[in-house]
Structure formats: C-alpha cells, structure tokens
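Here is how the chains run, residue by residue.
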Amino acid sequence: MISIKDIPWVQLLRQNHYHPSPRDWSDQVIYFLLIDRFSDGNEDGYKDVAGQIVHGTTQLFSPGDEGNAVQTQTDIQNWESAGAQWLGGTLKGIQSKIGYLKRLGVTALWISPVLRQRPGVDDYHGYGTQNFLEVDPHFGTAQDFKDLVDAAHGAGLYVILDVILNHSADVFQYDIVDPNTGEFYAPLWNGTTFPVAGWRDGSGVPSLPFPAPVNPADTRAAVWPQELQADGVFTRKGKIGNWDHVPETTEGDFEGLKDIHQGTGPVDDYTPSAAMQVLTEAYQYWIAYADVDGFRVDTVKHMDRGAMRYFASAIHEFSQTLGKDSFLLVGEITGSREDAVEIRDETGLDAALGLADVQGQMVDTVKGWTNPQNYFDLFRNSYQVDKATHTWFRNHVVTNFDDHDLVRMGRSYKARFASDQEGSALELAVLALNATTLGIPCIYYGSEQRFDGKFPTAVDPQPASDFKADRYIREAMFGGSFGSFRSRGRHFFDESADAYVQLAKVLAIRKNDLALRRGRQYLRPISEDGISFWYPSRIGSGRMTSIVAWSRIIANREVICAMNTDIVSHRTAWVTIDAGLHSIGDKFQCAYSTDQGQQGSEVAAEGRNGLAISIDVEPAGFIIMTP
C-alpha cells in the first residue's frame, strides 16, 4: 500500500474475531523488549510454549563467557560499534520465546516500533518511521507481526505496540549549507521555517523534489503513505536545542527525526492536521490487521495536547467497534510527575509512563540511597496530583526501574540497575517491589537475567552526548556480536537463572491475590526491639541497610511485603499491621520468601505499636506474608 486510501477496510473488518481487552490493566504485568535486541530464533536449549527443548546454533551463556567480546582494544571497539547497529532480532524470534515469557509470569508484551525505518541507517530501535503502512523487513513481514500477536493471544498474553506520532524518520534534508565544508546540515530551532533541499531517495541523497509526490512511487524514498508527502506536513523548524522550551519542544525536530505538524488551536477546540488524521488512520489499520491490544505513544511531551486528545479519542472509539473496550493508551511523558498527571487527564490517555521520580525513587529505595517514604509518598494523595490514595495510580501509571532510554540519567552515562554490586545483589528485590506496589508493573527485557548495561572497562565512561550511552542498556538477549556482560555468541534465555525463578514465583502469587494487584498501599513502621517503631530511613552519607515493609489492603484483606536492603546480613523486624483488620493471635503465613526454609511458616500478631508481626528477611531478600 502506498496510500491511506489503499487500506482494505471491508476485508479487514470481516475478520470479526478480535481479542477482547483485559478487565483491568492493573492485573497485568508488562514486559518491554526491543525487537532487534530480543531474539533471532537461533538459540539452543530454550523451551517452547509447551516446555519442549528447542535446539539451535547459539549456546546458552555461562559465567565464564563474561567479557569474551572485549579481550583486546580492537575487540572492544568492534563490540561497541556493533551496539549501534542492526543485530538481527525478529518478530519470529519473539514468537519463539512466548513460552519463556509466559512461564516468567508476564501477561502483556510491549514491543518496540515495528514499522519501516529509513533504508541505509541504523535505526534498529524503530523510532524513525519512514513508512507507516509497512513492517520493517529487518523484523520480518506484516504476516509475521500478525502471527506473533495471534500466538501471544493463544498463550494468554496481550500485545502493546510502540507508536510514534510526533515525528518521522530523517526523510528530507534542510537546504542549509556550512560555508566552511560546503555540506548540508540541520539547523537549530529559532522559530523560523527553513528551506528544504529535497526528499531523501533510497540512498539517503536529497535528490527528489520537495514537497511533491514521489513519482514513480519508490517506497524506499521520502515518507509513506503518500499523503504525508504533501506541503505543510512537516514543521521544518530545525532541531530542538532547549528541551524544556515551548514551543520549541513541540515544533522542533527530535535530533535528525523530522517533526510532523499536528494541528492548531487550544485543547478544547483543536483542529487536527491532515497529517495527524492520516497517521491516526494508519494506526487504526494496525489494530484491525494485527489485533493489538494497546499502544505505547512515544514522545508525548513533544506533542500538542490537542493532537494527543484527538488521537486518543479516535483510537478508543475505533477499538470499541472491534470489541476492545479497554484498549490501552500509555503515554511516554518525560518530565515531572505533575505534568504527566495533568497531560494524561487532559488528553484521554489511559496511563502515563516515563515518570522520572517514580523510577528514580524506586531505584534509590532498594539500593538504600533514599528514605523509602520518598517512594511511597509518590502514590499518596497530594496537592501536586490531587488524586485519591490508590485508585488513580493503580491502573493509570506504568512503573519500571530500567528501560531503553533512562532519561533520568542524562545523555552521557547510562547503566542498568544491576551495574554495581548492590544492584546485582538486589535485582530480585527491585523486581519484586515493582511487582507488588501500585501501578502496572513493567519489566525491561534482560532484568530477569540481571543484565548490567555497563561500559567495558577500557571504554571512556563519558562518551559524547550523541546517545552513544544508550547502546549499553540495549544488549542482545540472543547474544550475537553485542551480548550482555560484554559477551558475544551466547544467549540468555535461562529459565533456571535465580532472578527468573524467584520473579516467576512472586508474579504467580500476584496473579492470584487481588490485594497485590489492586489494593491500596502503606509503608509500615518497623522495630528491632518491638517497642520503638519508626519508618526505615537513611542516616548520614552511607547506604540504608534495613527491612522495608509495606501493606497492600483490599476490603478486609491485608498482605505484607518486605525486602532487606542489606546485602550482607539477615535482618529481623517487627512490622506494624492494621489493628482494625486483625486481632492479637491472628496468624500470617509466609506465602513467599527468597529463603525457601521460611515457606509456609506462620507468625502470630502481637500487641506492639497497635499490632505487629515479626519477620526475618535474608540478605537482599524478599518476603510476602498473607493472612
């Protein structure tokens, strides 16, 4: 298809077998992966959906393989270069690992953008769309995409697709020439509209007249569908220099990616542009064709709020005609939590993602670098968000601690949670905290294998601010030339790995306990002597090493969760429980503990600080106690 008019709507909608939405998205556990970095389907010894061993050519990683790709300076350069290139992950590869994901306890897949990128560039991440009606051939075919969604649904998993409305790929060249070099360059935003030299052809050269339809049609050139080749589709105002200046953030180009004009007017009286209407119909096509269950909308901060509201309304209405009454729209909203809450409410998005304070406070709480109350207070009623204690945050915020951008860490240095000694030891603790506190939990691929996202020792730890650091947190699960732990040729689909095994147990308990999915939550005071109770806190400049405990309560049911931020020593503490729900002598049973010897053990409530129970948590451990 080269035109939006080519979409065969009658044929598509005759399918009439669309997968219904979940009853409540807060019941789900999302797993986010980059298609190019997840699986090529050639791994040896992984298990299929039925649990049968599948043989391939890439061997499973073992500890002795760490660093096998960075033995020399040349090796380091090759490994590092590979991280910025296409590595070969495919849609069929993802489909082959549905069993791995299902057994982990994942219930929804968020996959990176699947649509066609500009040929000849290394936009392996998928965020530079050149053709909005075609799957990128690096990933496979449109049928492969549909087959993946069908297979996921068959295994009880939903699929959320990453989509981009704010910009396209680098599909044209500004007609601005550097007088010193004689070469074209992209200017910085200054409020004016810049001239364009031409559409880029299939080789990337700006040789095609702009703005004009590409004739004869060459889908490797310019941008598609054809309606996006009209005059006025792009703002043409150069690159964003100040990322917090409006209107620069909404009119400027996202680096080399070209900003699309979305429309005009205030939010309540917004007129979407023709381009926005075309993009909306294109994404409606992918819902109808592939039967996806939600969209994660990229770079919402850089969009007009009226455009986001138009898109949300059109997508929600369309999906309801297919029986998807709760089609999920998650907006990536970088910046403050207050802005994210306001934008979500004003635009009709279902949930917000990319809340730096939630992510940062979660990480620092587990690593002991902040008072835990800072994290739990983010979900309480406050003047900043003006929301009830738990109902809004329960299913309107997607929570995670690692992702493919880690915007909160800046642009020059990035590393995963497990990049240091404490993080590696506490990986299960942070995964469990994320899974058992408010919000829709999201796992970034590789976290269940303790990926560390670190620089090789000999690599400059402060690379230039050209997104070079992003590659280190985007390792290949299937190994190849850019595997995690600075390896190559080894895959990481290890269902016997400790973090995988323990997280699967936690997620199984979450699945069967409504309190852990939908209950309101409270950080609990603790005590070492059963007399003096306090909220765990960091004192001085060192790490806080303490039990951190919290309750999830729904109706008259209270579940206690606790972790130990001390990676060396066992910790024992009295944990306050709700005296209105329990009495002295009431029993709590250990439903889960990283210390298997505690499984099934019971403790009785005693009259301390109202009521409290005594728990013991092993170093870097996690425990769930149920009534």
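Each remark here, short or long, concerns the structure printed above.
The present account deals with the structure reproduced in this document. Predicted model only: the values in this text are computed from it and were never measured.

Turning our eyes to something else, we now look at the overall build of the protein. Counting its regular elements, the protein contains 17 helices and 29 strands. Relative to the globule expectation of 25 Å for 627 residues, the C-alpha radius of gyration of the protein, 25 Å, shows essentially globular dimensions. Along the longest, intermediate and shortest principal axes, the C-alpha atoms of the protein span 80 × 60 × 50 Å. Classification of the 627 residues of the protein by burial places 59% in the buried group. If you sum the accessible surface of the protein, you get close to 22,900 Å²; carbon and sulfur atoms cover 47% of it.

Time to look at the pattern of salt bridges. Pairing of side chains with opposite charge becomes possible as their charged atoms draw close. Here the structure, examined in full by the defined rule, presents 36 salt bridges. For the salt bridge of Asp-36 with Arg-37, the shortest nitrogen-to-oxygen distance reads 2.9 Å. Taken individually, Asp-36 and Arg-37 each receive the classification buried, so the pair is uniform in this respect. Salt bridges sharing partners connect three or more residues here, namely Asp-24, Asp-27, Arg-394, Arg-517 and Arg-518.

The next thing to look at is helix H8 (residues 274-290). Between its first and last C-alpha, H8 extends 24 Å over 17 residues, near the 24 Å set by a 1.5 Å rise per residue. When you tally the buried positions in H8, you get 14 out of 17 residues, the bulk of the element. Asp-291 sits one or two residues past H8 and shows a positive phi near 70°.

For the rest of this paragraph, the subject is empty space enclosed by the protein. Picture a little ball the size of a water molecule; that probe, rolled over the atoms, points out where space is still empty. One pass over the structure, following the stated rule, counts three cavities of 30 Å³ or more. Considered as a void within the structure, the largest cavity measures approximately 40 Å³ in volume. Lining the largest cavity we find Ile-30, Trp-110, Ile-160, Arg-296, Val-330, Leu-353 and Val-398. Of the residues contributing to the lining of the largest cavity, the split by class is six nonpolar, no polar and one charged.

It is at 10 Å that the axes of helix H15 (residues 427-436) and helix H16 (residues 498-511) come closest, and there the two elements cross at 15°. Taken together, H15 and H16 sit at an angle that is classed as roughly parallel. By crossing handedness, the relation of H15 to H16 is classed as right-handed. From H15, Leu-428, Leu-431, Ala-432, Ala-435 and Thr-436 reach across to H16, where they touch Ala-499, Gln-502, Leu-503, Val-506, Leu-507 and Arg-510.

Turning our eyes to something else, we now look at the side chain of Lys-258. The topology assignment puts Lys-258 in strand S12 (residues 258-259). A relative accessible area of 4% places Lys-258 in the buried class. Here Asp-170 takes part through its side chain, which lies 2.4 Å from a polar atom of the side chain of Lys-258. From its side chain, Lys-258 meets the backbone oxygen of Phe-172 in a polar contact 3.4 Å long. With residues up to four places along the chain from it excluded, the contact list for Lys-258 reads Asn-166, His-167, Ser-168, Ala-169, Asp-170, Val-171, Phe-172, Tyr-174, Phe-234 and Asp-253.

Take the sheet that holds strand S5 (residues 108-111) next. On the basis of which strands lie adjacent, the open sheet formed by eight strands has the order S17-S16-S15-S8-S5-S1-S19-S18 and parallel pairing. The open sheet is flanked by strand S17 (351-353) and strand S18 (398-399), the only strands paired with a single partner. Along the sheet, helix H6 (residues 142-154) makes contact with S5 and strand S8 (158-163), crossing S8 at roughly 145°.

Strand order in the open sheet formed by six strands is S21-S23-S24-S29-S26-S27, and the pairing between neighbours is antiparallel. In the strand order of this sheet, the two ends are held by strand S21 (520-523) and strand S27 (602-604), each with one partner. Neighbour-to-neighbour, the strand axes of this sheet turn through a mean angle of 25°, independent of strand direction. Bridge analysis of strand S23 (residues 547-554) against strand S24 (residues 557-564) gives eight bridges, and the strand direction is antiparallel. Across the sheet, residue Ser-551 finds its bridge partner in S24, namely Ile-560. Running at roughly 140° to strand S26 (residues 587-593), H16 makes contact with S26 and strand S29 (622-626) of the sheet.

Procedures and definitions
- Residues numbered from 1 in each chain as written.
- Predicted model: local features only at pLDDT ≥ 70, side-chain atom pairs only at ≥ 80, totals over all residues.
- Heavy atoms only, no water.
- Helix = DSSP H or I, 4+ residues; strand = E, 2+ residues; numbered from the N terminus.
- Rg over C-alpha atoms; globule rule 2.2 N^0.38 Å.
- Buried < 20%, exposed > 50% of the residue type's maximum accessible area, 1.4 Å probe, protein only.
- Areas by Shrake-Rupley, 256 points an atom, 1.4 Å probe, with all protein chains shown as cover.
- Salt bridge = Lys/Arg side-chain N within 4 Å of Asp/Glu carboxyl O.
- Expected span 1.5 Å × (residues − 1).
- 1 Å grid on protein atoms, 1.4 Å probe; cavity = no way out; pocket = protein on both sides within 12 Å on 5 of 7 lines; lining within 4 Å.
- Points joined across faces, edges and corners; volume = space filled by probe spheres on them.
- Nonpolar A, V, L, I, M, F, W, Y, C, P; charged D, E, K, R; others polar.
- Axes fitted to C-alpha atoms, helices over the stretch in contact; angles between N-to-C directions.
- Parallel < 35°, antiparallel > 145°, perpendicular 65-115°, else oblique.
- Left-handed = near helix turned anticlockwise from the far one by under 90°.
- Contact = heavy atoms within 4.5 Å.
- Polar contact = N/O pair within 3.5 Å; in protein donor to acceptor, adjacent residues only side chain to side chain.
- Pairing = 2+ DSSP bridges.

Nothing here speaks to function; it is geometry throughout.
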